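Reading the structure
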Amino acid sequence: MDVPDHIDINGFKHISYHIDTYSEDELISKSESFYKWLNERRSVRDYSDKRVPKEVIENIINSASTAPSGAHKQPWTFCAISNPLIKSQIRKEAEIEEKESYDARMSDRWKKDLEPLGTNMNKPFLETAPWLIIVFKKAYNLDENGNKQNNYYVNESVGIACGMLISAIHNAGLVTLTHTPSPMSFLSKILNRPSNERAFLLLPVGYPKFPTYVPDIKRKPLEETSVFYE
Ligand code: IYR
């Protein structure tokens, strides 16, 4: 059918959009192989210091930035750090916060829940990994006059972008870890971020150290993660 390549909605141009579609057999096999590939991803805590080209990190960030966001505000900034001095400053401050958390802020129950994962207050990966990506959420934007402009569903939007970032890292054959030093305000200071940005997640990116061991955990089966209403 002949259709216009664009239409007007509320004075905004909407362009016609197509994606490839598949037969049911192809649908099943593509969705299954994607799941199998994604299921190979593991959070890794021990990194090689092997170099990763900047262009790879740029592509990974661009992939994350394709995420859907409230009113298409893309309320995120990805800070990518390879500078060793900044990495060591981040490690130093993160370990101060982590020591306080593990010593005083986290409940015994929480620490017990983390035991199988082998986490502790030491974060050498913050210096060893060739790159750290720190994701900041933009609580609001500032216009030219310094007025606050709302963003919408900021946590949802940035959370989705982080999921896509993690998948892009896995796709590149690299590994990461969702590290959550808490509080994370020291990152705004070190990286000199504006007042409308708050640190959301810190991800080291690189190759795993050899040999690397990860906890022998299992993922919940479909029956425990989903309910179908047919
Ligand atoms: N933020 C601490 C503690 C920690 C918390 C959770 I929930 C984890 O899944 C893992 C660690 C840290 O990064 O060590």
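Higher on the page you've got the structure.
Cut-offs applied
Residues numbered from 1 in each chain as written. Predicted model: local features only at pLDDT ≥ 70, side-chain atom pairs only at ≥ 80, totals over all residues. Heavy atoms only, no water. Near = heavy atom within 4 Å. Polar contact = N/O pair within 3.5 Å; in protein donor to acceptor, adjacent residues only side chain to side chain. Areas by Shrake-Rupley, 256 points an atom, 1.4 Å probe, with all protein chains shown as cover. 1 Å grid on protein atoms, 1.4 Å probe; cavity = no way out; pocket = protein on both sides within 12 Å on 5 of 7 lines; lining within 4 Å. Sits in = over half its atoms within 2 Å of the grid points. Nonpolar A, V, L, I, M, F, W, Y, C, P; charged D, E, K, R; others polar. Pairing = 2+ DSSP bridges. Helix = DSSP H or I, 4+ residues; strand = E, 2+ residues; numbered from the N terminus. Contact = heavy atoms within 4.5 Å. Axes fitted to C-alpha atoms, helices over the stretch in contact; angles between N-to-C directions. Phe/Tyr/Trp six-rings, centres within 6.5 Å; stacked < 30°, edge-to-face > 60°. Buried < 20%, exposed > 50% of the residue type's maximum accessible area, 1.4 Å probe, protein only. Expected span 1.5 Å × (residues − 1). Left-handed = near helix turned anticlockwise from the far one by under 90°.

**Thoughts on the site of the ligand**
- Contacts to the ligand come from E98, Y102, M106, W110, L114, T119, N120, K123, H179 and T180.
- Contacts to the ligand include E98, whose side-chain N or O atom sits 2.9 Å from an oxygen atom.
- Here an oxygen atom of the ligand sits 2.9 Å away from a polar atom, N or O, in the side chain of H179.
- For the ligand, whose free accessible area comes to 380 Å², the fraction covered by protein is 72%.
- Applying the majority rule of atoms within 2 Å of the grid points places the ligand in the largest pocket.
- Split by residue class, the shell around the ligand holds 4 nonpolar, 4 polar and 2 charged.

**Regarding the pairing of strand β2 (residues 12-15)**
- Where strand β1 (residues 6-9) lies against β2, 4 bridges are found, and the strand directions are antiparallel. Each residue of the ladder has a partner; that of H6, found in β2, is I15.
- The loop that links β1 with its antiparallel partner β2 comprises 2 residues; one of these, N10, has a positive phi angle of about 55 degrees.

**Here's the deal with the sheet that holds strand β7 (residues 175-176)**
- Spatial strand order, β3-β4-β8-β7: 4 strands in an open sheet with antiparallel pairing. The open sheet has two edge strands with one neighbour each: β3 (76-81) and β7.
- Across the face of the sheet, helix α2 (residues 54-64) comes into contact with β3, β4 (131-138) and β8 (197-206) while running at roughly 165 degrees to β3.

**What to know about the packing of aromatic side chains**
- What the rule picks out here adds up to 3 aromatic pairs.
- Seen in terms of ring centroids, F34 and W37 are 5.5 Å apart; in terms of plane orientation they differ by 45 degrees. Their pairing is tilted. Remark: W37 and F34 occur in helix α1 (residues 24-38); sequence separation between them is 3 residues, near one turn of the helix.
- Residue F34 is classed as partly exposed on the basis of its relative accessible area of 48%.
- A relative accessible area of 27% places W37 in the partly exposed class.

**Focus: helix α3 (residues 84-105)**
- With 22 residues, α3 extends 29 Å from end C-alpha to end C-alpha; this agrees with the ideal 32 Å at 1.5 Å per step.
- When α3 is considered as a whole, its buried residues turn out to be K87, I90, A94, E95, E97, E98, S101 and Y102.

**Looking at the packing of α2 against helix α6 (residues 154-171)**
- Put simply, α2 and α6 touch, their axes get as near as 8 Å, and they point 145 degrees apart. Crossing geometry of α2 relative to α6 is assigned as right-handed. Here α2 contributes I60, I61, S63 and A64 to the contact with α6, which in turn contributes A161, M164, L165, A168 and I169.
- For the contact of α2 with α6, the per-class residue count stands at 8 nonpolar, 1 polar and no charged.

**Concerning unusual backbone geometry**
- Cis geometry marks the peptide bond from S182 to P183, where omega comes out at -5 degrees.
- Relative to the helices and strands, P183 is located in the loop between β7 and α7 (185-190).
- Going from F210 to P211, the amide bond is cis rather than trans, its omega being -10 degrees.
- The phi dihedral of A71 falls on the positive side, at around 50 degrees, and the residue is not glycine.
- In this structure A71 comes out as exposed when scored by relative accessible area, which is 56%.
- Positive phi values are uncommon outside glycine, yet H72 reaches one of about 50 degrees.

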